[in-house]
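# Residue-level structure breakdown
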Amino acid sequence: MTHDAAADHVEQNRRYWDDQAAGWHGPLARGHWAQVEPSWGLWSTPESQVSLLPDGIAGMRAIELGCGTAYVSAWLARAGAHPVGIDLSEKQLATARAMQAEFGIDFPLVLGNAEKVPYEDDTFDLAISEYGASLWCDPYQWIPEAARLLVPGGRLVFSRYSPLFALCVPPEGPASTTLSRSQFGLTRLEWGNHVEFVLPHGEMLRLLRACGFVVEDLIEIQAPQSARDFLEVSADWARQWPSEEIWKARLAG
């Protein structure tokens, strides 16, 4: 499967996270690290509701692609897995190291691009991304890279914005009930100082299959009644339409 796209997003997103976004997310890290049960995405969907993590996770070698402050890796480590976190933001990883010291949870943290991970083929049993590589990296780069890193039968799980959200969110302001862009050609979302990626469902399915994955589930998340609004989407909107979704896939073999 071929895909032609500008590759300037890596440095652009690195600057965005180091100069701006890490400052917003850093103060949230302690609360995430302290959670007893994992919860996912904007709407804090509990693990008990979606079972994002595969069975038998204890002992699994895991790679968190675009780990940010690495709280997902911390959850994996508590569950008995052996995680590695990779992220392109030095400031995000600095927060992650501070959390490791505070909570006494240690695992490798790698400064790098999740589209080109410095590990050998067939190294990991699980690749995971919660709004990391799944949103900030080119899917035509990071998904083949995840397939390369996984052993046969390895699991890929990730959460991201839904294509419907991407179609309805305007250049400024929250998602509305009006389509703001075409679904055909939907891949790269330009936000001025950073770039995000959202593929339509059909293209994502074809890409995963081309990389050797068998899709096992696609969960479209509904915001709970108690949810608060976010700048990009209101809770009322996300109670009517899915703003985010979870994919679960297995590498054939």
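Note that the structure is predicted; figures quoted are calculated from it, not measured.

### Let's talk about the sheet that holds strand E6 (residues 124-130)
The sheet built from seven strands is open, its strands ordered E5-E4-E3-E6-E7-E11-E10 with mixed pairing. Of all the strands in the sheet, just strand E5 (109-111) and strand E10 (213-221) have a single pairing partner and so form its edges. Pairs of neighbouring strands in the sheet enclose a mean axial angle of 15 degrees, with direction left out of account. As judged from the six bridges shared by E6 and strand E7 (residues 150-161), these two strands associate in the parallel manner. Across the sheet, residue Ser-129 finds its bridge partner in E7, namely Phe-158. Running at roughly 165 degrees to E5, helix H5 (residues 90-103) makes contact with strand E4 (82-87) and E5 of the sheet. Packing against the sheet, helix H7 (residues 139-149) makes contact with strand E3 (61-65), E6, E7, E10 and strand E11 (244-251), and its axis sits at approximately 150 degrees to E7.

### Comments concerning the side chain of Glu-130
As for its placement among the helices and strands, Glu-130 is situated in strand E6. At 12 Å, Arg-228 is the nearest oppositely charged side chain to Glu-130, a buried residue that forms no salt bridge. Engagement of the side chain of Glu-130 in a polar contact is seen with the backbone nitrogen of Gly-41, the distance being 2.6 Å. At 2.5 Å, the side chain of Glu-130 forms a polar contact with the side chain of Tyr-71. Setting aside residues no more than four positions away along its own chain, Glu-130 makes contact with Ser-39, Trp-40, Gly-41, Tyr-71, Val-72 and Ser-159.

Thresholds, definitions, all that
Residues numbered from 1 in each chain as written. Predicted model: local features only at pLDDT ≥ 70, side-chain atom pairs only at ≥ 80, totals over all residues. Heavy atoms only, no water. Pairing = 2+ DSSP bridges. Helix = DSSP H or I, 4+ residues; strand = E, 2+ residues; numbered from the N terminus. Axes fitted to C-alpha atoms, helices over the stretch in contact; angles between N-to-C directions. Contact = heavy atoms within 4.5 Å. Buried < 20%, exposed > 50% of the residue type's maximum accessible area, 1.4 Å probe, protein only. Lys, Arg positive; Asp, Glu negative; His and termini not counted. Salt bridge = Lys/Arg side-chain N within 4 Å of Asp/Glu carboxyl O. Polar contact = N/O pair within 3.5 Å; in protein donor to acceptor, adjacent residues only side chain to side chain.

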